[in-house]
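Listed here are the chains, written in short residue letters.
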Amino acid sequence: MYTTILWDLDNTLLDFNASEKYAFNTCMVQAGLTPDDTLLSLYSQINRAFWNRLERGEITKKELLTQRFVHFFATAGISGVDIALFRDTYQRLLGSVFYCLDDSLTLCRKLHASHRQYIVTNGVASTQRNKLQGSGLADLMDGCFISEELGFEKPSAEFFRLCMERIPAFQKQETLIVGDSLTSDMLGGVRAGIACCWYNPGGAPAPDDLPINHTIRSLWELLPILGL
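Note that the coordinates shown come from a computational prediction; the quantities given were computed from them, not determined experimentally.

## Re the packing of aromatic side chains
Applying the stated criterion across every chain, the model contains twelve aromatic pairs. Consider the rings of tyrosine 43 and tyrosine 90, whose centres lie 5.6 Å apart with planes at 70 degrees: the pair is edge-to-face. Separated by 47 residues along the polypeptide, tyrosine 43 in helix H2 (residues 37-55) and tyrosine 90 in helix H4 (residues 83-94) bring together distant segments of the chain. Three or more aromatic residues joined by ring pairs make a cluster, and in this case those are Phe24, Tyr43, Phe69, Phe72, Phe73, Phe86 and Tyr90. When the ring centre of phenylalanine 50 is taken as origin, the NZ or CZ atom of arginine 53, which lies over that ring, is 5.5 Å away.

Rendered as structure tokens:
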């Protein structure tokens, strides 16, 4: 029986893609540029590649936050943009809007009475905390673990070791991590020795080399897994 849930935040409880689109397009307009879906798609691909590099320990988060935009504008052939201003405005806007996936706020409110719930995220601390407060999720969580504050990124064993140390009376066998990312959430859960629930709304094929305990396409499919 699972009593403790470790929730990923972006593209699990909250729709990161929608927030990203808002922040990116707003910044483009403020920079005197015309946003379009092609440019947004290019940025998203570059951004994801940089986060993957961070997860592998190849770059620091400080490098990521600036270099993803340097690489994007160079690839797009756009010059004359104040990169530092674009970066800072984008990060602020990213934390100013939030869109719940699968009515996640209602789900977490339902689970609040029966389960301990924690956030585990690699996002920028100020942005993540703004989204948690603004969305109302913060009031339903027993804690929040952000890599920037812990000093280690998912999926590292160090990240999860610190989480376990800070959760009162932590029991591995009673803990379930729920997230959309195979490379940070599921791999991190496997390395930490806890059960993994892959949030896979698109129905992508499961990897053969990663033992995943549960796969769900809607967050509400978690209820029977939890015995509810």
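## Some points on the packing of H2 against helix H3 (residues 61-76)
Packing of H2 against H3 brings their axes to within 9 Å, and their N-to-C directions diverge by 145 degrees. Along this stretch, H2 crosses H3, giving a crossing that reads as right-handed. Listed contacts from H3 to Leu39, Leu42, Tyr43, Ile46, Asn47, Phe50, Trp51 and Leu54 of H2 are Lys61, Leu64, Gln67, Arg68, Phe69, His71, Phe72, Thr75 and Ala76. Its residues assigned to classes, the contact of H2 with H3 comprises eleven nonpolar, four polar and two charged.

## A look at the side chain of threonine 121
Relative to the assigned elements, threonine 121 resides in strand E2 (residues 116-121). For threonine 121, a relative accessible area of 2% gives the class buried. Within polar-contact distance, the side chain of threonine 121 engages the side chain of glutamine 128 at 2.8 Å. Setting aside anything within four residues of it in sequence, one finds threonine 121 in contact with Leu9, Gln128, Phe145, Ile146, Ser147, Lys154 and Phe159.

## Brief notes about the packing of H3 against H4
In contact at an axis separation of 10 Å, H3 and H4 are set at 120 degrees when each is read in the N-to-C sense. Both H3 and H4 take part in a crossing whose hand is right-handed. Side by side, H3 and H4 meet where Leu65, Thr66, Arg68, Phe69, Val70 and Phe73 of the first sit next to Ile83, Phe86, Arg87, Tyr90 and Gln91 of the second. A per-class count over the contact of H3 with H4 returns seven nonpolar, two polar and two charged.

## So, the sheet that holds strand E1 (residues 4-7)
Taken in spatial order, the six strands of this open sheet run E3-E2-E1-E4-E5-E6, and their pairing is parallel. In this open sheet, the two edge strands, each paired with only one partner strand, are strand E3 (143-146) and strand E6 (214-216). Strand-to-strand twist across the sheet, computed as the mean angle between neighbouring axes with direction ignored, equals 20 degrees. On the sheet, helix H5 (residues 104-111) packs against E1 and E2 and is oriented at approximately 155 degrees with respect to E1.

Thresholds, definitions, all that
- Residues numbered from 1 in each chain as written.
- Predicted model: local features only at pLDDT ≥ 70, side-chain atom pairs only at ≥ 80, totals over all residues.
- Heavy atoms only, no water.
- Phe/Tyr/Trp six-rings, centres within 6.5 Å; stacked < 30°, edge-to-face > 60°.
- Helix = DSSP H or I, 4+ residues; strand = E, 2+ residues; numbered from the N terminus.
- Lys NZ or Arg CZ within 6 Å of the ring centre and 35° of its normal.
- Axes fitted to C-alpha atoms, helices over the stretch in contact; angles between N-to-C directions.
- Left-handed = near helix turned anticlockwise from the far one by under 90°.
- Contact = heavy atoms within 4.5 Å.
- Nonpolar A, V, L, I, M, F, W, Y, C, P; charged D, E, K, R; others polar.
- Buried < 20%, exposed > 50% of the residue type's maximum accessible area, 1.4 Å probe, protein only.
- Polar contact = N/O pair within 3.5 Å; in protein donor to acceptor, adjacent residues only side chain to side chain.
- Pairing = 2+ DSSP bridges.

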